[in-house]
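One-letter residues, chain by chain:
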Amino acid sequence: MTDDEFSSVVGLLGREPKIAELAMYSVMWSEHCSYKSSRPHLGRFPTEAPWVVVGPGENAGVVDLGDGWLAALRIESHNHPSFVEPYQGAATGVGGILRDVFTMGARPIALWDQIRFGHLDDPHNRYLFSGVVAGIAGYGNAVGVPTVGGEVAFEDCYRGNPLVNVMCLGILRADQLVLGTAGEPGTISVLLGSSTGRDGIGGASVLASASFDEDSSAKRPAVQVGDPFQEKKLIEACLELYQKNLVVGIQDLGAAGLSCSTSEPAARAGMGMDVDLDRVHVRESDMTPGELLMSESQERMMAFVHPDQLDEVLAVAEKWEVDASVVGEVKPGGTLRVFKDGNLVAEVPASSLSEDAPTYDRPYSEPSWLADLWASTTDSSQSPDIGTSLLTMLGDPSLGDPSWVYQQYDHMLFLNTVVGPGDNGNLLRIKGTTKGLAVSTDGNGRLCYLDPRRGAARLVYESALNVAMVGARPMAVVDNLNFGNPEKPEVMWQFTETVEGISQACESLEIPVIGGNVSFYNETDGIDIYPTPIVGMLGLADPLPDRPPRLEAGKAGMDVWLLGPRNGTNLAGSAFEKLVSGHLGGRPTDPHPSTAGAVIGLARHLAVQGVAPVLHDVSEGGLAVAIAEICIRSEVGAAISFSDWHHLFCEDPHRFIAVAPPEAAASIRAAAHGSGVAATRIGSLGGSSIEFERNDRIEGSISLDAVAAAWRGAIRDRMDH
Amino acid sequence: MRATVHVKRRSDIADPAGTAVLRGVRDLGYSNVESVRIDKIITLEVGATDPARARADIEAMCEKLLANPVMEDYEIVLEEDGDTA
Amino acid sequence: MRATVHVKRRSDIADPAGTAVLRGVRDLGYSNVESVRIDKIITLEVGATDPARARADIEAMCEKLLANPVMEDYEIVLEEDGDTA
Amino acid sequence: MTVAVVVFPGSNCEHDVVYALRSLGCEAELVWHRDVDLTAFDGVVLPGGFAHGDYLRTGAIARFSPVMAEVRRMADEGAPVLGICNGFQILTEAGLLPGVLLANRDLRFICRPVHLRVESTESILTKMATVGDVLEIPLNSYEGNYTADPAESGRVLLTYSDGAGKVSPATNPNGSMDNIAGIANGAGNVAGLMPHPERAIESILGSTDGRVLLRSFAVSVAAFAEGRPARV
Ligand SMILES: Nc1ncnc2c1ncn2[C@@H]1O[C@H](COP(=O)(O)OP(=O)(O)O)[C@@H](O)[C@H]1O
Ligand SMILES: [Mg+2]
């Protein structure tokens, strides 16, 4: 806490704070909890739509799916804890995001993970990567929520600062929505779940709100250990409480633990609360009030219950073998009072902790190096060897087969996974209805580094296209903004540009942002990560297509179509430039909102009509990689014609591939024409190699076996040597 | 030579497995059990080398691989061949 | 009173974790490590009771729960309070 | 005739099993692990998941849940008892099936479809199948590496194979002895397997090969229900 912030506390209280009070303010006013650097900018997001039930600000965003069904969605980062202890850091990230969702009354039905590391040739990065994946698997599988998708990428900038973002989707009936409010005076606060220990004291403020440097080990708070078994019992107990209408409100205990879960619900209700720390069930006996208030012990929830229903609440907890203690009571007047050993150890306005946190309008300015970066290009007059380039790209862990990761995750539990990991977007059915939920998560640090506004907007369009390709209408976005040190003006500029890019794209598609998360201080020894926003898109497919397009559905003799603009040559930020030319520079192509809308509409139409068995977007790696992925998954070669090799590797937005039998040609042309989208037949599937032809001459040919081996081994061979 | 490394979870770190087993033991009727903790014991057979060198090696292995210094402490016991059952 | 139960995997049962750690230490360059095995050590604090009774209880817990006779052997060490650091 | 699907704290496949059995026309109900009376049921499934967190050893604590005395009684009376994944682990811990399930050879969780070859049809799980049938069913486990004293490894029902039914070390996903994926006791009424047949009952989810196994179970439950004395 800075001196100025300390003075504000003194001003608020009209006196010097007591030790426990200071502890509460320091965690609640940390960057992680208060969004003090980002809050002034996040208001830019479009957040409204008729189907939004709960927008940003609550634990999770909630949208209306029709027929009394709601979906809750939330994304969260656990970057710094995962660097300190990869397994537990990632595991507790999963635990935390689940609580955010079942706090809303929803049953969590699926998880996604977005993870980024330094290159796998370095053993330390392999250690972090395998630990993070094992942690997500260890927690997600045991808690019993399938991890159905995600993304993994490798760049040097994440070497000292891996990114671990996790997203959770839940569903609920409309009458089961619960909010984090404390209710009327007399309401009882019941702490449910694990006992409180010294875990992660100050974790939120220390770890997530400061940078790593040489002596970060000295700052390490006790590592938090996840207990998925406890969380599983907690989920079932809470869902039973909701079903029996036994809670007025509920709040999870995440960062800032008890401080947050008492003050925020009280403030939301316009109430105060008396809290008795002696009644908190503890793991260690000699904890100070400050430690109890700041502890980030996992798997805890604070339920607010009517006194007449307390016994029933305790009975549900006992049935599920969940410990429960009555720790407080809601009072009129807005003051939070905390007692320990009969002494009043804190007495503060409840709302001051959450609402009076300082905000910083930090200075921002375009980086001085940006113009040079945009001007920096490689000589691309010479045509590369197409086959070799393709092999190099597919053999890179960022573009290769991620099954080493997702086969460690239970991605089938609940029998909802219609399109699981390894395809475009995911598609989950909602049993007992005609509905399906489609989800995609996307990030691209290189593009956002070169142009954060364009890069971020393109992520929104890419996600929306992925969701459309399984037959859904995109309906809501959550975002996770992973950035460097916000005290640097160029980082703040990257941040504001990103917010602008996401906002513009969402506005053009009329998709609201319903939640998100900000992670700053992702830097090591003064070097910031690429600005890395992650976009999570939710879409609704109603009815659920009975045969959604799949990458493995291609057959010899089918035509390959490119839908969308076809003559892009810009390679700025592309995988080709990174992996083949070894260059990063230039300015990525600006997205085009009306083209985006048309292409997304067309993709959805083709998926719903079942015209094309395979749809696949052109994204990282460009057309060549997209074709290769279809060929590998469908186990068939292809012959593709092109006129300029740049077209094969360019990653310009708003394009996708459709693969369909020749009979479908007329329907595809008609649909594309109706949407105002260019449709080009660029080749066909067949044979056992991928051939690229120009003017009827084969200019690149590579056997499917070689391509498949490179792709399959990209991660696996590096991890299982 | 045999080295035994006792890897113990630091006492301020939560031990979910111990907690679950405690509940299990109590359910079996042993209500006087007050706590349970579960640690690891790693036994390495090391080819001929002098004890000082062996200890240094084992310590390095602990720091790098056998123990997780963020969460665990360790204790090394070295035994000459044949010293033990 | 403290009871320490050393639960050892029977030598005829595969030890995938031990095998993996052996590979790990060899990768780190310790080529003279010949074998690695990983066992469990379970520490129970037991409320006041006479040692004979305590041993009988712990033995019963081992037979039923703490060890699986199909794959593990166990060894119990009892310490009176204060006997140990 | 109704099947009891036991819920331990930490179970997570119980709803999927009920859904699958019901979709095959077999009535099933959830039963909490503290229930001590299963007399209303004609068969029991111990579903997958992480009972009691799988701490200490998988299945070790669950084995002492109050309901297990009833499961044992039903097994002794010849009722169909099926353990899937974690349920299989619990049955071995309880001694109702021989052997143990160790951590996977590669120490990684495995979630993917595998091919299984039917080795015996003399069980409540395989009676409707044919020896040599190849089924594609998802595996989803960390401790699926089956080991037993060869003298008492029970009746092998299913082995990990390739798509053509060839069983070899290359088709062994987790290190299991002799590629064993599922076994039964001598009487054939207690069976356990690591893969999840309830995940392979609808083509929209990828495979329907689990149906023959669950149908075998349902038919066995019906037969047992008919053969037993009328209940009060
Ligand atoms: N960390 C991960 N966890 C789970 N699934 C993953 C992960 N990484 C990638 N996948 C899955 O692999 C597939 C391919 O990923 P990616 O190459 O990023 O696809 P795309 O370029 O189409 O976005 C996706 O369906 C994704 O869900
Ligand atoms: Mg992607």
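As a reminder, the structure under discussion sits directly above these lines.
Quick caveat: nothing in here was measured; it's all calculated off a predicted structure. (Residues numbered from 1 in each chain as written. Chains lettered and ligands numbered in written order. Predicted model: local features only at pLDDT ≥ 70, side-chain atom pairs only at ≥ 80, totals over all residues. Heavy atoms only, no water.)

Describe the overall build of chain A, naming the residues involved and giving the relevant values.
The secondary structure content of chain A amounts to 25 helices and 28 strands. Since a compact globule built from 721 residues should have a radius of gyration of about 27 Å, the 26 Å found for chain A is in line with a globular shape. By principal-axis analysis of the C-alpha atoms, chain A measures approximately 90 × 55 × 45 Å. A sequence separation of at least 24 residues applies to 85% of the contacts in chain A between residues at least 6 apart. Of the roughly 23,100 Å² of accessible surface on chain A, 48% is carried by carbon and sulfur atoms. The average position of the 52 basic charges and that of the 93 acidic charges among the side chains of chain A differ by 4 Å. (Helix = DSSP H or I, 4+ residues; strand = E, 2+ residues; numbered from the N terminus. Rg over C-alpha atoms; globule rule 2.2 N^0.38 Å. Contact = heavy atoms within 4.5 Å. Areas by Shrake-Rupley, 256 points an atom, 1.4 Å probe, with all protein chains shown as cover. Lys, Arg positive; Asp, Glu negative; His and termini not counted. Charge placed at Lys NZ, Arg CZ, Asp CG, Glu CD.)

Can you explain the overall build of chain B? Please cite residues and give values.
Counting secondary structure elements, chain B contains two helices and three strands. Mapped in sequence order, the helices and strands of chain B form the string β-α-β-α-β. In summary, chain B has a C-alpha radius of gyration of 16 Å against a globular reference of 12 Å for 85 residues, an excess of more than 25%. Counting every position in chain B, which comprises 85 residues, the buried fraction comes to 49%. Restricting to contacts in chain B with at least 6 residues of sequence separation, those with at least 24 account for 71%. Of the roughly 4,100 Å² that chain B leaves accessible, carbon and sulfur atoms contribute 47%. (Buried < 20%, exposed > 50% of the residue type's maximum accessible area, 1.4 Å probe, protein only.)

An account of the site of ligand 1 is requested, with residue identities and associated values reported.
Residues and elements named next belong to chain A. Lining the immediate surroundings of ligand 1 are 17 residues, of which Asp-113, Gly-150, Pro-402, Gly-422 and Asp-423 lie closest. Measuring from an oxygen atom of ligand 1, one finds a backbone N or O atom of Gly-422 at 3.0 Å. Calculation on ligand 1 without its partners gives an accessible area of 550 Å², and the protein chains cover 89% of this total. At the level of secondary structure, the elements contributing two or more residues to the shell around ligand 1 comprise β4 (107-117), β5 (147-154) and α16 (403-406). The residue inventory of the shell around ligand 1, partitioned by class, reads seven nonpolar, five polar and five charged. (Near = heavy atom within 4 Å. Polar contact = N/O pair within 3.5 Å; in protein donor to acceptor, adjacent residues only side chain to side chain. Nonpolar A, V, L, I, M, F, W, Y, C, P; charged D, E, K, R; others polar.)

Before we move on, could you go through the sheet that holds strand β2 (residues 27-32) of chain D and cite the residues and values that matter?
All names here are of chain D. Spatial strand order, β2-β1-β3-β4-β11-β10-β9-β6-β7: nine strands in an open sheet with mixed pairing. Of all the strands in the sheet, the pair left with one neighbour each is β2 and β7 (134-141). Ignoring which end each strand starts from, the neighbouring axes of this sheet average 25 degrees apart. Relative to strand β10 (residues 180-184), strand β9 (residues 155-161) is paired through four bridges, and the arrangement is antiparallel. Of the residues in β10, the one forming a bridge with Arg-155 is Ala-184. (Pairing = 2+ DSSP bridges. Axes fitted to C-alpha atoms, helices over the stretch in contact; angles between N-to-C directions.)

Residues and numbers for the interface of chain C and chain D, please.
Each side of the interface is counted separately: chain C has 16 residues, and chain D has 16 residues. Carbon and sulfur atoms supply 71% of the area buried between chain C and chain D, which totals about 1,200 Å² over both sides. In this structure, the connection of chain C to chain D is made through one salt bridge. There are five residue pairs in polar contact (both at pLDDT 80 or more) connecting chain C and chain D. When contributions to the side of chain C that touches chain D are tallied by element, the ones reaching two or more residues are α1 (16-27), β2 (33-46) and α2 (51-66) of chain C. Considered class by class, the residues forming the side of chain C that touches chain D number eleven nonpolar, one polar and four charged. (Buried area = accessible area lost by both parts, 1.4 Å probe. Salt bridge = Lys/Arg side-chain N within 4 Å of Asp/Glu carboxyl O.)

Quick rundown of empty space enclosed by the protein? Include the residues and the values.
All names here are of chain D. Taken as a whole and assessed by the stated rule, the structure comprises six cavities of 30 Å³ or more. Around the second largest cavity sit 16 residues that line it, and Gly-49, Phe-50, Cys-85, Phe-109 and Asn-140 are the ones nearest its centre. For the lining of the second largest cavity, the elements supplying multiple residues, two or more each, are α3 (86-93) and β7. Residues belonging to the lining of the second largest cavity are distributed by class as follows: five nonpolar, eight polar and three charged. (1 Å grid on protein atoms, 1.4 Å probe; cavity = no way out; pocket = protein on both sides within 12 Å on 5 of 7 lines; lining within 4 Å. Points joined across faces, edges and corners; volume = space filled by probe spheres on them.)

I'd love a proper account of the interface of chain C and chain B, names of residues and values included.
Each side of the interface is counted separately: chain C has 29 residues, and chain B has 29 residues. Of the roughly 2,600 Å² buried between chain C and chain B on both sides combined, carbon and sulfur atoms contribute 65%. Here chain C and chain B share zero salt bridges between them. Across the chain C-chain B interface, the total number found is twelve residue pairs in polar contact (both at pLDDT 80 or more). Mapped by element, the contributors of at least two residues to the side of chain C that touches chain B are α1, β2 and α2 of chain C. Ranked by residue count, the leading element in the side of chain C that touches chain B is β2 of chain C, at 14 residues. Its residues placed into classes, the side of chain C that touches chain B shows 15 nonpolar, seven polar and seven charged. Note: strand β2 (residues 33-46) of chain B against β2 of chain C, 13 bridges, orientation antiparallel. Paired with Ile-41 of chain B across the strands is Asp-39 of chain C, a residue of β2 of chain C.

An account of the relation of the copies chain C and chain B is requested, with residue identities and associated values reported.
The transformation that overlays chain C on chain B combines an axial shift of 0.0 Å with a rotation of 180 degrees, and the residual RMSD is 0.3 Å. Look at the turn and shift together and you get a two-fold axis relating the two. Within chain C, Lys-40 of chain C has its C-alpha nearest the rotation axis, a separation of 2.4 Å. Here 100% of the interface residues in chain C have copies in chain B that are interface residues too; the copies meet face to matching face. (Least-squares fit on C-alpha atoms with pLDDT ≥ 70 in both.)

Residue-level account of unusual backbone geometry, with values.
Note the cis peptide between Asp-542 of chain A and Pro-543 of chain A, where omega equals 5 degrees. Among the secondary structure elements, Pro-543 of chain A is positioned in the loop between β21 (532-541) and β22 (559-563). With a phi close to 55 degrees, Glu-299 of chain A is a non-glycine residue in the positive phi region. Turning to its location among the elements, Glu-299 of chain A is positioned in the loop between α11 (289-294) and β10 (300-305). A relative accessible area of 2% places Glu-299 of chain A in the buried class. Even without being a glycine, Leu-56 of chain D presents a positive backbone phi close to 70 degrees. The residue Leu-56 of chain D is located in the loop between β3 (43-46) and α2 (67-77) in this model.

In short, geometric facts, not functional conclusions.
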